[in-house]
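Below, each chain spelled out in residue letters.
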Amino acid sequence: MEVTNKLKSLVARIETGLDQHVPAADTRPSQLHAAMRYSLEAGGKRLRPALVLAVAELSEAPKIPDPLPAAVAIECLHTYSLIHDDLPCMDDDDLRRGRATVHREFDEATALLAGDSLLTHAFALLAEAYAATPTLSHALIRELSDTAGSQRLIGGQMADLLGEAKGDATPEDLDYIHLNKTAAMIETALVMGGILAKWDSEQLDALRRAGRNLGLAFQIVDDILDVTADTATLGKTVGKDEATQKTTYVRLHGLEVSRQKVQQRTTEAIAIFSDLPGDTAFLENLARSMAQRIN
Ligand code: GRG
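Residues numbered from 1 in each chain as written. Predicted model: local features only at pLDDT ≥ 70, side-chain atom pairs only at ≥ 80, totals over all residues. Heavy atoms only, no water.

(A) Layout of the nonpolar core. By size, the foremost hydrophobic cluster in this structure holds 69 residues, and its most contacted members are Leu51, Leu140 and Phe273. It is helix H4 (residues 68–86) that provides the largest number of residues to this core, a total of ten residues. Residue contacts for Leu140: discarding those within four places in its chain leaves Ala70, Leu126, Tyr130, Met192, Ile195 and Leu196. In terms of nonpolar packing, the next biggest core, distinct from the first, is built from 13 residues, Leu174, Leu179, Ala183 and Ile220 among them. (Core = buried A, V, L, I, M, F, W, Y, C linked by side-chain atoms within 4.5 Å. Buried < 20%, exposed > 50% of the residue type's maximum accessible area, 1.4 Å probe, protein only. Helix = DSSP H or I, 4+ residues; strand = E, 2+ residues; numbered from the N terminus. Contact = heavy atoms within 4.5 Å.)

(B) Seen up close, the site of the ligand. Near the ligand there are 18 residues, and of these Lys45, Arg48, His78, Arg97 and Thr182 occur at the shortest range. Within the side chain of Lys45, a nitrogen or oxygen atom sits 2.6 Å from an oxygen atom of the ligand. Interatomic distance of 2.8 Å between a side-chain N/O atom of His78 and an oxygen atom of the ligand. When the ligand is considered free in solution it has 700 Å² of accessible area, and contact with the protein chains removes 92% of it. Applying the majority rule of atoms within 2 Å of the grid points places the ligand in the largest pocket. Listed by contribution, the elements that provide at least two residues to the shell around the ligand are H4, helix H8 (153–166), helix H9 (171–196) and helix H10 (201–228). No other element matches H4, which puts six residues into the shell around the ligand. Its residues assigned to classes, the shell around the ligand comprises five nonpolar, seven polar and six charged. (Near = heavy atom within 4 Å. Polar contact = N/O pair within 3.5 Å; in protein donor to acceptor, adjacent residues only side chain to side chain. Areas by Shrake-Rupley, 256 points an atom, 1.4 Å probe, with all protein chains shown as cover. 1 Å grid on protein atoms, 1.4 Å probe; cavity = no way out; pocket = protein on both sides within 12 Å on 5 of 7 lines; lining within 4 Å. Sits in = over half its atoms within 2 Å of the grid points. Nonpolar A, V, L, I, M, F, W, Y, C, P; charged D, E, K, R; others polar.)

(C) How the structure looks around the side chain of Asp226. Structurally, Asp226 can be placed in helix H10. Judged by its relative accessible area of 11%, Asp226 falls in the buried class. Those residues in contact with Asp226 that sit more than four places away from it in its chain are Thr237, Val238, Gly239, Lys240, Asp241 and Glu242.

(D) A look at the layout of surface pockets. Its boundaries defined by the atoms lining it, the largest pocket holds a volume of some 1100 Å³. Forming the boundary of the largest pocket are 45 residues, of which Leu82, Asp85, Arg96, Asp222 and Lys236 lie nearest the centre. With eight residues, H4 is the largest single contributor of residues to the lining of the largest pocket. Residue composition of the lining of the largest pocket, by class: twelve nonpolar, 13 polar and 20 charged. (Points joined across faces, edges and corners; volume = space filled by probe spheres on them.)

(E) Representation of the environment of Ala169. Looking at the secondary structure, you find Ala169 in the loop between H8 and H9. Classification of Ala169 by relative accessible area gives buried; the value is 8%. Considered as a pair, Ala169 and Ala159 are ten residues apart in the sequence and their alpha carbons are 9.5 Å apart. Filtering out sequence-adjacent residues up to four positions away, Ala169 remains in contact with Thr247 and Leu252.

(F) Representation of H10 within the structure. Counted at 1.5 Å a residue, the expected span for H10 with its 28 residues is 40 Å, and the 40 Å between its end C-alpha atoms agrees. Near the N-terminus of H10, the side chain that reaches the backbone nitrogen of Glu202, with its oxygen 3.2 Å away, is that of Asp200. (Expected span 1.5 Å × (residues − 1).)

(G) Highlighting the packing of helix H3 (residues 47–56) against helix H14 (residues 281–291). Where H3 contacts H14, the axes come no closer than 10 Å and their chain directions differ by 160°. Of the possible angle classes, the one that applies to H3 and H14 is roughly antiparallel. Of the two elements, H3 crosses H14, and the hand of that crossing is left-handed. Across the interface between the two elements, Leu47, Leu51, Ala54 and Val55 from H3 touch Phe282, Leu283, Leu286 and Met290 from H14. In terms of residue class, the contact of H3 with H14 is made up of eight nonpolar, no polar and no charged. (Axes fitted to C-alpha atoms, helices over the stretch in contact; angles between N-to-C directions. Parallel < 35°, antiparallel > 145°, perpendicular 65-115°, else oblique. Left-handed = near helix turned anticlockwise from the far one by under 90°.)

(H) The packing of aromatic side chains, seen in detail. Counted under the stated rule, the structure contains one aromatic pair. Above the plane of the ring of Phe282 lies Lys6, whose end atom (NZ or CZ) is 6.0 Å from the centre. (Phe/Tyr/Trp six-rings, centres within 6.5 Å; stacked < 30°, edge-to-face > 60°. Lys NZ or Arg CZ within 6 Å of the ring centre and 35° of its normal.)

Remember, this is a structural readout, not a statement about activity or role.
Below you can see the structure in the form of structure tokens.
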């Protein structure tokens with residue numbers, strides 16, 4: 001199956017999973033649950049949950065647990081980070097996933113609480129859905145909580161805010177920010193898939209290395225698109241990095257070198273994928289198609 005069709009079928013499973021595993025919009029208090037679903041249901045590429053499912057599918061173990069709740073959990077956590085990132089005290093954005101941001105559609109307090117609830121729900125889901133396999137449940141919770149914590153996702157966001165305030169982030173600062181703010185969640189999506197697939201620590205390390213490369217490529221693509229794409233296509237405000245004089249890969253290295261870096265990181269990720277067990281063609285093609293967003 002070519003990459004688009006396979007991705008479509010994974011995304012369809014993820015949409016069903018989100019509907020099944022997140023409280024209904026009319027659950028009391030309905031304003032909170034409606035706001036959680038408003039942001040989740042706005043769409044998004046569903047890259048992280050698709051990676052969880054795609055890696056779990058590579059398993060050659062006789063029977064593995066359903067990876068869908070884990071895929072939903074990572075999308076809930078990712079969506080919380082986007083809602084909070086858009087708040088006036090952070091990036092102060094009006095548009096996300098082609099819709100008004102949650103604090104614009106509802107209000108700031110509701111957006112804050114909807115983010116908090118999605119974050120908490122991610123861990124509740126991992127605890128509940130895998131309760132029959134406590135070692136697995138623990139491994140997934142540990143993986144996701146390490147990534148979402150103060151030394152990775154939140155730490156990367158903090159460094160980003162401080163770097164933005166300084167306006168003079170170095171290439172090392174920039175790598176620190178994006179290894180933690182962007183690559184960490186992509187790395188963890190792959191590793192959660194590997195944990196579900198019952199892979200050993202060497203294979204999980206390979207997934208981490210692939211995720212690091214894929215995640216940095218993804219961020220550089222994001223920086224390039226902020227300069228070259230339009231708001232309607234991306235569904236979020238473009239040109240913001242330039243307007244806020246933010247340090248980005250494009251600002252530090254220029255468009256051409258940034259494009260080369262995307263290619264290098266993508267090639268590295270593909271090489272690691274190709275050494276994994278099972279049919280890795282989809283993962284390799286997905287990495288290629290992510291890089292092609294800038295062509
Ligand atoms: C608030 C703790 C906290 C963290 C925020 C995710 C994030 C960290 C900030 C969002 C801004 C940004 C550009 C982050 C870099 C990672 C990135 C490109 C996120 C957007 O991911 P996509 O493109 O979004 O996969 P969709 O909407 O497709 O899910």
